[in-house]
Amino acid sequence: IEQISGRFSNAMFATIGFNAYRTSQIAAVAVGGALALSGINPDSKILDEIFKILKRKISVSLVKKPSDAAHSKLVFNLGNALLTIVAFHNNRNRDIPELQHIMANIMWEGVRVLRKSGIKEARIPDMPPWVLLWLTKVLPSQLVVPIFKKKMQGSTINSMAQDLENGVNQTELEDLNGYFLKIAQKAKVEVPYNTALYQIFKEWVESKNQPLTPAELLSRISSFSNR
């Protein structure tokens, strides 16, 4: 963001929240989704006009700071590694309570780190607000799990899982989860679930083992945190 802003005085940014999957080497399908539009100059008339045009076709919001939008989406991207290691796209009804428990803790750790780092929440259409992420962590599982299960049924295979299925071992783990851990370290916030998932995922990819069940993964995360 800083490099682009230094070269272009009226730069605009779009944080994309579309869920897409490839159907071939040259074709892809986008399932729903939205984006957050932001610019260096939030009072730009061009930014306002582009927003009006996009709003006619897709869900879009205006965000003051590009970095807030990008980091707000990062919270949700932290779950890609989780859904990949349990092969959720092939096992949608397996250990749902355990999966929800891990996901809730991963994302809430993300919110805590961003808040401590001075990042403000950017509301991106179709993505849950931070207060809802907090509720999914503190409310009784019998209330949260059915909603979580229904919501997840509409998700498709994420980009990280697609890469591995296509034989690409260089995933987005470092760009997403690794980057987040660096922010957490700088903010001096402990993130046991994210730290464990990051290390377990790296070892899992290197060993080329079969996907874990959410219950197995939760057990490993608990063991890792107790080291």
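Calculation rules
- Residues numbered from 1 in each chain as written.
- Predicted model: local features only at pLDDT ≥ 70, side-chain atom pairs only at ≥ 80, totals over all residues.
- Heavy atoms only, no water.
- Core = buried A, V, L, I, M, F, W, Y, C linked by side-chain atoms within 4.5 Å.
- Buried < 20%, exposed > 50% of the residue type's maximum accessible area, 1.4 Å probe, protein only.
- Helix = DSSP H or I, 4+ residues; strand = E, 2+ residues; numbered from the N terminus.
- Contact = heavy atoms within 4.5 Å.
- Axes fitted to C-alpha atoms, helices over the stretch in contact; angles between N-to-C directions.
- Left-handed = near helix turned anticlockwise from the far one by under 90°.
- Nonpolar A, V, L, I, M, F, W, Y, C, P; charged D, E, K, R; others polar.
- Salt bridge = Lys/Arg side-chain N within 4 Å of Asp/Glu carboxyl O.
- Expected span 1.5 Å × (residues − 1).

## Some words on the nonpolar core
Consideration 1: Counting residues in each nonpolar core, the largest one holds 55 residues, and the members touching the most others are L82, I85, L133, F201 and L217.
Consideration 2: Within the residue set of this core, elements represented by two or more residues are α3 (66-77), α4 (79-85), α5 (96-116), α6 (130-138), α7 (141-152), α9 (173-187), α10 (192-207) and α11 (214-225).
Consideration 3: What L133 contacts, discounting residues up to four positions off in sequence, is V75, F76, M107, W108, V111 and P128.
Consideration 4: Among the nonpolar cores identified, the runner-up in size contains five residues, and L35, L47, F51 and V60 belong to it.

## Considering the packing of α3 against α9
Consideration 1: One can describe the packing of α3 onto α9 by two numbers: an axis separation of 10 Å at closest approach and a directional angle of 115°. Read as a crossing pair, α3 and α9 show a hand that is left-handed. Only L176, Y179, F180 and I183 of α9 make contact with α3, whose side of the interface consists of H71, L74 and N77.
Consideration 2: Of the residues belonging to the contact of α3 with α9, the class tally is five nonpolar, two polar and no charged.

## A word on the pattern of salt bridges
Consideration 1: What the rule picks out here adds up to three salt bridges.
Consideration 2: For E49, the salt bridge goes to K52, with nearest N and O atoms at 3.8 Å. Within this pair, E49 and its partner K52 are both found in helix α2 (residues 45-55), separated by three residues, close to a single helical turn.
Consideration 3: Judged by relative accessible area, which is 43%, K52 ranks as partly exposed.
Consideration 4: Residues participating in the shared-partner salt-bridge network are D48, E49 and K52.

## Thoughts on the environment of S222
Consideration 1: With respect to the helices and strands, S222 occurs in helix α11.
Consideration 2: Residue class for S222 comes out partly exposed when judged on its relative accessible area of 35%.
Consideration 3: With 29 residues separating them in the primary sequence, S222 and Y193 have C-alpha atoms 8.3 Å apart.

## Section: α9
Consideration 1: Helix length check: α9, at 15 residues, gives a terminal C-alpha distance of 20 Å against a target of 21 Å (1.5 Å per residue), a fit within 8%.
Consideration 2: Within the span of α9, buried status applies to L173, L176, N177, G178, F180, L181, I183, A184 and A187.
Consideration 3: Buried residues in α9 make contact with α3, α4, α5, α8 (159-165) and α10.
Consideration 4: A positive phi of about 60° marks K188, the residue just after α9.

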